[in-house]
Amino acid sequence: MSEAHMDRRRLMRSVAVAGGAAATAHLIARTPAEARARVAAAGPILKPLPPEWFIDHGTNAEMRWEAMRGQGTYVPNDRFFVRNHTRTPVIDARTWRLELFGTGLRGTPTAENPLRFTYGELLALPSVSVGAIVECAGNGRSFFGTQQGTPASGTPWRLGGAGLARWRGVRLSTVLRRAGLLGSAVDVQPEGLDPDFVSGGVNLGRVRRPLPIAKALDDVLLAYEMNGEPLPPDHGFPVRVIVPGWVGISSIKWVGRIEVSSEPLHSPWNTRFYRLFGPAYPPEGSDPISEQVTKSAFELPWNATLPVGRTTRLTGRSWSPHHPIRRVEVSVDGGATWRGAHLSGPDRGWRRWSFPWRPENTGPATLVARAVDATGAVQPARTTPNTFGYLFGAAVHHPVLVA
Ligand SMILES: Nc1nc2c(c(=O)[nH]1)N[C@H]1C(S)=C(S)[C@@H](COP(=O)(O)O)O[C@H]1N2
Ligand SMILES: [Mo]
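Thresholds applied
- In every chain, residue numbers begin from 1 and rise along the written sequence.
- Written order determines the labels here, with chains lettered from A and ligands numbered from 1.
- Given that the model is predicted, a residue must reach a pLDDT of at least 70 before its local features are reported, and side-chain atom pairs must reach 80 or more before they are shown or counted; all residues, however, enter totals for whole chains, interfaces and linings.
- Heavy atoms from the whole structure form the basis of all side-chain values; hydrogens and water molecules are not counted.
- By definition, any uninterrupted DSSP run of H or I lasting at least four residues is a helix, any uninterrupted run of E lasting at least two residues is a strand, and each is numbered from the N terminus.
- For the exposure calls, accessible area comes from a 1.4 Å probe over protein chains only, and a residue counts as buried if that area is under 20% of its type's maximum, exposed if over 50%, partly exposed in between.
- In this description, contact between two residues means that some pair of their heavy atoms is separated by no more than 4.5 Å.
- The accessible surface values rely on the Shrake-Rupley method and a 1.4 Å probe; as for residues, cover is taken only from the protein chains in view.
- Strand pairing requires that DSSP identify at least two bridges connecting the strands.
- Two rings from Phe, Tyr or Trp (for Trp, the six-membered ring) form a pair when their centres sit within 6.5 Å of each other. Planes less than 30 degrees apart are called stacked, planes more than 60 degrees apart edge-to-face, and all others tilted.
- For a ring to carry a charge above it, either NZ of a lysine or CZ of an arginine must fall within 6 Å of the ring centroid while also lying within 35 degrees of the normal to the ring plane.
- Note on terminology: near, applied to a residue and a molecule or strand, indicates that one of the residue's heavy atoms is within 4 Å of it.
- Polar contacts, as used here, are pairs of N or O atoms within 3.5 Å; protein pairs need one atom able to donate a hydrogen and one able to accept it. Residues neighboring in sequence count only if both atoms are side-chain atoms.
- Throughout this entry, Asp, Glu, Lys and Arg are counted as charged residues, while Ala, Val, Leu, Ile, Met, Phe, Trp, Tyr, Cys and Pro are counted as nonpolar. The remaining residues, Gly among them, count as polar.
- Values of pLDDT, ranging from 0 to 100, describe the predictor's confidence in every residue of the model.

Enquirer: I tried to follow the overall build of the protein on my own but got confused; where do I start?
Expert: Counting secondary structure elements, the protein contains six helices and 24 strands. Across the 403 residues in the protein, those meeting the buried criterion constitute 52%. Across the protein, the fraction of contacts at a sequence separation of at least 24, relative to all contacts at a separation of at least 6, is 72%. Total accessible area computed for the protein in this model is approximately 17,100 Å², and 54% of it derives from carbon and sulfur atoms.

Enquirer: Honestly, the sheet that holds strand 2 (residues 60-63) in this entry has me stumped. Any pointers?
Expert: Working definition: the strands of a sheet are paired by backbone hydrogen bonds and lie parallel or antiparallel to each other. Taken in spatial order, the three strands make up an open sheet running 1-2-3, and their pairing is antiparallel. Strand pairing shows two members of the sheet lacking a second neighbour, strand 1 (54-57) and strand 3 (82-83), which therefore form its edges. Relative to strand 3, strand 2 runs antiparallel, the two being bridged by two bridges. Residue pairing across strands places A61 opposite V82, the latter belonging to strand 3.

Enquirer: Mind showing me how you'd approach the sheet that holds strand 19 (residues 327-331) here?
Expert: Strand order across the open sheet formed by five strands is 17-24-23-19-20, with mixed pairing between neighbours. The open sheet has two edge strands with one neighbour each: strand 17 (304-306) and strand 20 (339-340). With two bridges joining them, strand 19 and strand 20 adopt antiparallel strand pairing. The residue bridging V330 from the neighbouring strand is R339, located in strand 20.

Enquirer: What exactly am I supposed to notice about the pairing of strand 7 (residues 162-171) here?
Expert: The side chains of a regular strand alternate between both faces of the sheet. The buried fraction of strand 7 amounts to eight of the ten residues, a majority that puts the element mostly inside the structure. In this structure, strand 6 (residues 128-135) lies alongside strand 7, joined through eight bridges in antiparallel fashion. Bridge pairing links V130 to W167 in strand 7. Of the pairings in the sheet, the one linking strand 7 to strand 12 (residues 221-226) comprises five bridges and is antiparallel in character. Residue pairing in the sheet places V170 in a bridge with L222 of strand 12.

Enquirer: Sorry if this is basic, but what is going on with the packing of aromatic side chains here?
Expert: The description of two aromatic rings rests on the distance between their centres and on the angle between their planes. Counted by the stated rule, this structure contains 19 aromatic pairs. A network of ring pairs unites the aromatic residues F197, W269, F273, Y274, F277, F388 and Y390 as a single cluster. We note R370 situated over the ring of W338; from NZ or CZ to the ring centre the distance is 3.8 Å.

Enquirer: It is not clear to me how the environment of L222 should be interpreted in this structure. Could you clarify?
Expert: Residue position: L222 is located in strand 12. Sequence separation of L222 and I242 is 20 residues, and the distance between their C-alpha atoms is 6.4 Å. Every residue in contact with L222, bar those within four places of it in the chain, is listed here: L98, R168, G169, V170, L172, V175, V239, R240, V241, V255 and I258.

Enquirer: Please clarify how the site of ligand 1 should be interpreted in this entry.
Expert: Taken together, 20 residues sit near ligand 1, with F81, H85, D194, R240 and K253 positioned nearest. A distance of 2.8 Å is found between an oxygen atom of ligand 1 and a backbone nitrogen or oxygen belonging to H85. In this structure, R240 approaches ligand 1 through a side-chain N or O atom, which is 2.7 Å from an oxygen atom. Class assignment of the residues belonging to the shell around ligand 1 gives a composition of ten nonpolar, six polar and four charged.

Enquirer: I would appreciate a short explanation of the confidence of the model for the protein in the present structure.
Expert: In low-pLDDT segments, the atomic positions of the prediction should not be examined closely. Scored by pLDDT, the protein comes out at a mean of 93, with 90% of its residues at no less than 70. Here residues 1-6 scores under 50 on pLDDT; set against residues more than four positions off or in separate chains, the count is four contacts. A low-confidence stretch, residues 16-26 stays under pLDDT 50, and its non-local contacts, those more than four residues away or across chains, total 21 contacts.

Put into structure tokens, the structure is as follows:
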């Protein structure tokens, strides 16, 4: 039996054990009514959010970077950040269908009469496993205000709105080709099954965002496994999109429908949101944002206390859509002077590094890390502000106290 086949059987079994619903222990109930009541009583995120791992931002949960110290390459599922527009839905994989429709498919199937794939059919297709980072476009947003004096509205992420996992699934190109992809297709729009998103009293419908066909056929995945387990409910069970290197909003969770179109597609997520607005940009905003920007994070609490006169091995990770990361430099004086960090191992989505530091004076200090990506570009000292605070790529000032 092939490895893929084994995987599929194991996955179907674990999903069956969970009753086809959320594989979340605290939601297990004796009756459907009890299950519904528990889901209703649960918050917008279903998994536990221990305060030592997460900063609670309401519908979003930020990973604390110190939770990655001593961990392996990937962020364990229970520590992975969550970004929900509304709330995590509980979906039954046995009744779930992936629906495809639109003018970019042979025979032009309609939204009312789409092509359908079951969960089992998807799992039976050839699969691949890739390491990819999911990162919110607003990751680092709080630093527009705290570091540059150019505050932006939205969830005040520090750097924990990003995570690297190993995803298994079917290439989107495989599914599109089986669905009869036409050469005329230009855009592909996956849509989530979570509740409609209401903003400023206006219902904007289901979370959805078009992808250009070139990216859709390149390296995009329909993922059903995260770090070797069925996708957890909060991360898109039963199936989510993974768009490597692009802003997190591209990676639609709980995907239910995919429109394939011979005309460009639009949604509030590529017109109103996820463009750069502000003085430096045109009134209608920049083009829709796509690629992420390079970042570096210390695996250290915010305002950590470090011992004076003793060597602390500072550790961290740097990542960029233009990998591998070539070099990382660390400053212990707020960016005045820099020294090279020691890179440990290859770039597997992000590059790990360490930097021994023996502070001689007590008092507050500012640590800064900046990475050089595969193109030779170095993280800048400042990011041009934009209204929504997307794509903060400047080197982040990390405050510590030496005592
Ligand atoms: N259906 C749906 N997909 C979604 C979202 C959502 O709210 N609904 N949030 C997006 C955003 S903005 C981000 S940053 C990522 C977060 O993925 P995670 O929660 O698995 O970390 O999912 C994206 N996919
Ligand atoms: Mo996001």
